[in-house]
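# Reading the structure
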Amino acid sequence: MINIPRLTFYRQIHVQNTIGIKRGISCNRMATSTLSSVSHVHQTQTQPHILTNGSTRSFSASSPSQQPSNVGNVGFAEQDTIIGKQAHEPLTVDGIKARRAKAGKLIAPTASYSDSDMFKSPQAFDKPKAKRWDHLLTEESRARKPCALKQAAKHLKKPGLISLGGGLPSASNFPIDHLSMHVPAPPSFEGGDAATAEAGKYDVAKDENGGVYDLAIALNYGQSIGSAQLLRWVTEHAELAHAPPYADWRCALTIGSTGALEQAFRMFCDKGRGDAVLTEEYSFSTALETAAPLGIKVFGVKMDGQGLLPESMDEILEGWDEEARGARKPAVLYTVPSGQNPTGATQSAERRREVYDVCRKHDVYIIEDEPYYFLQMQPYTSHPPSNPPPHSDERAEVKPIPHPETVEQFLKQLIPSLLSMDVDGRVMRMDSFSKVVVPGSRTGWITASEQIVERYIRHAECCSQGPSGISQILMYKLVDETWGHEGYLRWLMHLRLEYTRRRNTILAACEEYLPREVVSWVPPAAGMFLWLRVDHTQHPQASTKSILEIEEDIFNSCIDKGVLAIRGSWFRAEQDVPPSGLFFRTTFAAASEDDMARAIERFGAAVRESFRLASD
Ligand code: PLP
């Protein structure tokens, strides 16, 4: 690692390219090692030229005639970007705009390597470094070497080098010349507020459609960490929303949290070592199905209306008996702190701090899976006072609060993430565009310490190679070029109100149609799930039928009546332990308001029938 004094943040290294545009490579203390190991010099570029069929095409950073010498490095157009004034102030949307204006246009040709340190603000570095996790990494993870072919790109820094090396096809053979995308736009994201985003093949050379990211770059192979263009946005967003309290945090794009979790489990848990994971007593079933075939034992932590109970976690870890449990004391917690799947539970700020403290006490690494984080809704206050919900003690002091008006107010009102309290660098946070933009993009990102992100990328290089270039450019065009940070946060503010409305609709239906003497629920504060608890002890056959049998009867009756509610037992972290209660997961994400009411009415009828209660 080259040591560069602190004042060299955003110091620019300037090179002159062949068409005379002055270009720079921004580097800072953390970025230097990476940049020095790849390349600092731009590749030879050609002038734009006219094709014989009359259409104008430009070839430069993404020139097919230069393929693959366009494989280069990330830089910025302007010089001397020393951001002195902003130091030690929290990053804001305006601060990002100012930094970008000073840095100039991002220059990131095909397959160029970038990392978050190129895009973090100076103040992000002025903190202690993360702890090391060597003791936790599996043999498989430690054995991963950099992908030789991806590393070969570093030789392209040599001026005049003719590459016969990489297997990157020429962009001239890509049969997609142009993409156009119509999207809703702020402020209302409805009706007349719409925008069009365009992407051409050679926009960078032609300086069209933003001139930063084009199809020639996006549709070719890229680095597994993701394109610099989208990684910049993700890094800025992570700093804006979480400001991790240690210096060497980084982001990497993922193919969504499902794939990221599989990689994470393989990085931290080894069947041969008898490793185990802690999670909520009722947990996201796909996460459980990911762990099981890897031979990772999963243990459930008790929950209340706010999710994970830190004291239960502490008790489990404190009294861990390796032999009795058949696994080593867990060194990993997998948790979904907001709008947890399946229970809809949301950990308060205090709860998150307590969970983090227990993890510190037992040196547990945290995988924070947060697809629903930004779907934190307005508090639920609309139940009639004469008909208070169960758990009314938990709800007693819920008061209406004004909707946030500015993006700053919105960010401030969010419950702080585990990442934002992570002084040790013991959290890998997984974000996803799935629940807040589109699941089919298969894009998301992780934020973790440099060591963990580096191991994650080594793994990605040899499995997925990172998210699809088509997805990356579409997401970039949407969240960066069209919406920007302000527009994206406004979209999230818009979405949370949509979910608030839907949540209120399903709760109103529950209040109207469910037999309150046996069915109870906690109004969800985030996400898209409502967890219905059915008091099995009041079932007429409680002494002769198991919870699972009663659950099955109600489930089948629901199907007969025309409603699908997911059986709670499917989410049990420990399938071999009898369930502690009878639950059903419902979602208010997709059904129309009328259908939601009809579905809850049918569910209520199925429960009444099973419990032999008089119909309403
Ligand atoms: N994590 C949780 C808790 C989820 O509920 C889901 C989807 O239901 C996912 C991850 C999947 O996310 P992705 O689409 O990013 O793979």
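One structure accompanies this document, and this report is about it. Counting starts from 1 at the beginning of each chain's written sequence and moves along it residue by residue. In view of the model being predicted, local features appear only for residues whose pLDDT reaches at least 70, and side-chain atom pairs are presented and counted only at 80 or more, with totals across whole chains, interfaces and linings using the full set of residues. To get the side-chain values, take all heavy atoms of the structure and skip hydrogens and water.

Helix and strand assignments come from DSSP, with helices taken as H or I runs of at least 4 residues and strands as E runs of at least 2, each series counted from the N terminus. Any helix carries an expected span of 1.5 Å times its number of residues minus one. The end-to-end C-alpha distance of helix α7 (residues 228-242) is 20 Å, a good match for the 21 Å that 15 residues give at a rise of 1.5 Å each. Each residue is placed in one exposure class: buried if its accessible area under a 1.4 Å probe, protein chains only, is under 20% of its type's maximum, exposed if it is over 50%, and partly exposed if it falls in between. Burial within α7 is extensive, with 15 of its 15 residues counted as buried. Residue Ala243 follows α7 closely and has a positive phi angle near 35°.

A few words now on the packing of helix α10 (residues 310-318) against helix α12 (residues 349-361). What counts as an axis is a line fitted to C-alpha atoms, over the stretch in contact for a helix, and the angles between N-to-C directions run from 0 to 180 degrees. The geometry of α10 relative to α12 is characterised by a closest axis approach of 9 Å and an angle of 10° between their N-to-C directions. In terms of axis orientation, α10 runs roughly parallel to α12. Across the interface between the two elements, Pro310, Met313, Asp314, Leu317 and Glu318 from α10 touch Arg351, Glu354, Val355, Val358, Cys359 and Lys361 from α12. Just so you know the grouping, Ala, Val, Leu, Ile, Met, Phe, Trp, Tyr, Cys and Pro go in nonpolar, Asp, Glu, Lys and Arg go in charged, and all remaining residues, Gly too, go in polar. Counted by class, the contact of α10 with α12 contains 6 nonpolar, no polar and 5 charged residues. An angle below 35 degrees is treated as roughly parallel, one above 145 as roughly antiparallel, one from 65 to 115 as roughly perpendicular, and anything else as oblique. In this description, contact between two residues means that some pair of their heavy atoms is separated by no more than 4.5 Å.

What follows covers a negative patch on the surface. Together, Glu311, Glu315, Glu350, Glu354 and Asp357 line one region of the surface with negative charge. Contributing elements (two or more residues each) for the negative patch: α10 and α12. At 3 residues, α12 tops the list of elements feeding residues into the negative patch. Along the chain, Asp357 falls in helix α12. Each patch is built from residues lacking any salt bridge and having more than 30% relative accessible area; the joining distance is 9 Å for like charges and 5 Å for nonpolar side chains (Val, Leu, Ile, Met, Phe, Trp, Tyr). Shrake-Rupley sampling with a 1.4 Å probe provides the accessible areas, and residues are treated as covered by the protein chains on show and by no other component. What counts as a salt bridge is simple: a side-chain nitrogen of Lys or Arg found within 4 Å of a carboxyl oxygen of Asp or Glu. Residues scored as charged are limited to Lys and Arg (positive) and Asp and Glu (negative), so that His and the chain ends carry no count. For charged residues, the charge sits on one atom: NZ in Lys, CZ in Arg, CG in Asp, CD in Glu.

The next point concerns a nonpolar patch on the surface. A surface patch of nonpolar side chains, amounting to about 210 Å² of accessible area, comprises Ile176, Ile470 and Leu474. Structurally, Leu474 can be placed in helix α16 (residues 469-482). Classification of Leu474 by relative accessible area gives partly exposed; the value is 31%.

On to the nonpolar core, then. As used here, the term nonpolar core means buried Ala, Val, Leu, Ile, Met, Phe, Trp, Tyr and Cys residues forming a set that is joined through side-chain atoms within 4.5 Å. Phe268, Tyr334, Met428, Ile452, Val479, Ile554 and Phe603 are the most contacted members of the largest nonpolar core, which has 123 residues in total. Among the elements that make up this core, the one with the highest residue count is helix α17 (residues 484-513) (11 residues). Discounting chain neighbours no more than four positions away, the residues touching Ile452 are Trp133, Leu137, Met267, Phe268, Tyr365 and Met428. Counting 20 residues, the second largest nonpolar core, distinct from the first, contains Leu333, Leu418, Met421 and Val427.

Let's shift gears to the site of the ligand. In these notes, residues near a molecule or strand are those with any non-hydrogen atom within 4 Å of it. Among the 14 residues in the neighbourhood of the ligand, the closest are listed as Thr258, Asp369, Tyr372, Ser432 and Ser434. Think of a polar contact as two N or O atoms within 3.5 Å of one another; within protein, one of them needs to be a possible hydrogen donor and the other a possible acceptor, and neighboring residues in sequence only count if both atoms come from side chains. Measuring from an oxygen atom of the ligand, one finds a backbone N or O atom of Ser257 at 2.7 Å. Measuring from an oxygen atom of the ligand, one finds a side-chain N or O atom of Tyr372 at 2.5 Å. Within the complex, 91% of the 400 Å² of free accessible area of the ligand lies under protein. Of the residues that constitute the shell around the ligand, the class distribution is 5 nonpolar, 6 polar and 3 charged.

Turning to the environment of Ala542, a few remarks are in order. As for its position among the elements, Ala542 is in the loop between β19 (529-534) and α18 (547-561). Distance in space between the C-alpha atoms of Ala542 and Phe611 is 9.8 Å, their sequence separation being 69 residues. The residues contacting Ala542, other than those within four sequence positions of it, are His536 and Thr537.

Looking now at the pairing of strand β14 (residues 332-335). Looking down a regular strand, the side chains alternate between one sheet face and the other. In β14, alternate side chains face the same way, and those of Val332 and Tyr334 on one face and Leu333 and Thr335 on the other are all buried. Two strands are said to pair when DSSP picks up at least two bridges between them. Note that strand β10 (residues 276-280) and β14 share 3 bridges and pair parallel. Bridge pairing in β14 links Thr279 to Tyr334. Note: β14 against strand β15 (residues 365-369), 4 bridges, orientation parallel. Within β15, the residue paired with Thr335 across the bridge is Glu368. Here, the term right-handed applies to a crossover whose path from the first strand over the helix to the second runs clockwise when the strands point away from the viewer. Since β14 and β15 lie parallel, the crossover through α12 that links them has a hand, and here it is right-handed.

With that out of the way, let us pick up the sheet that holds strand β16 (residues 427-432). If you walk across this open sheet you meet the 7 strands as β9-β17-β16-β15-β14-β10-β11, and the pairing is mixed. The sheet terminates laterally at β9 (249-254) and β11 (297-301), the two strands that pair on one side only. Neighbour-to-neighbour, the strand axes of the sheet open up by a mean angle of 20°, direction not taken into account. Contacting β9, β16 and β17 (444-449), α7 crosses the sheet at an angle of about 130° to β9. Where α10 meets the sheet, it contacts β10, β11 and β14, and its direction lies at approximately 135° from that of β11.

Right, let's talk about the environment of Val358 for a bit. With respect to the secondary-structure elements, Val358 resides in helix α12. Assessed through its relative accessible area of 9%, Val358 is described here as buried. Along the sequence, Val358 and Glu311 sit 47 residues apart, while their C-alpha atoms lie 8.2 Å from each other. Not counting residues within four places of it along the chain, the set of residues in contact with Val358 comprises Pro310, Met313, Asp314 and Leu317.

The subject of this paragraph is the packing of aromatic side chains. Under the pairing criterion, centres of Phe, Tyr and Trp rings, with the six-membered ring standing for Trp, must be within 6.5 Å; the plane angle then separates stacked pairs below 30 degrees from edge-to-face pairs above 60, leaving the rest tilted. Counted by the stated rule, this structure contains 22 aromatic pairs. Aromatic pair Trp233 and Tyr488: ring centres 4.9 Å apart, planes at 85°, arrangement edge-to-face. With a gap of 255 residues between them, Trp233 in helix α7 and Tyr488 in helix α17 connect regions that are remote in the sequence. A residue is classified by how much of its surface remains accessible, and Trp233, at 0% relative accessible area, is buried. A ring pair is formed by Phe268 and Tyr365, whose centres lie 4.4 Å apart and whose planes are at 35°; its orientation type is tilted. Here Phe268, found in helix α8 (residues 257-268), pairs with Tyr365, found in strand β15; they are 97 residues apart in sequence, far enough to count as distant. Given the relative accessible area of 0%, Tyr365 is considered buried. Every member of this aromatic cluster is reached through a ring pair, and the members are Trp233, Phe433, Trp445 and Tyr488. Looking at Lys120, its charged tip hangs above the ring of Phe125, at a distance of 4.7 Å from the centre. Criterion for a charge above a ring: Arg CZ or Lys NZ at most 6 Å from the ring centre, at most 35 degrees from the ring normal.

That's the geometry; what it means functionally is another story.
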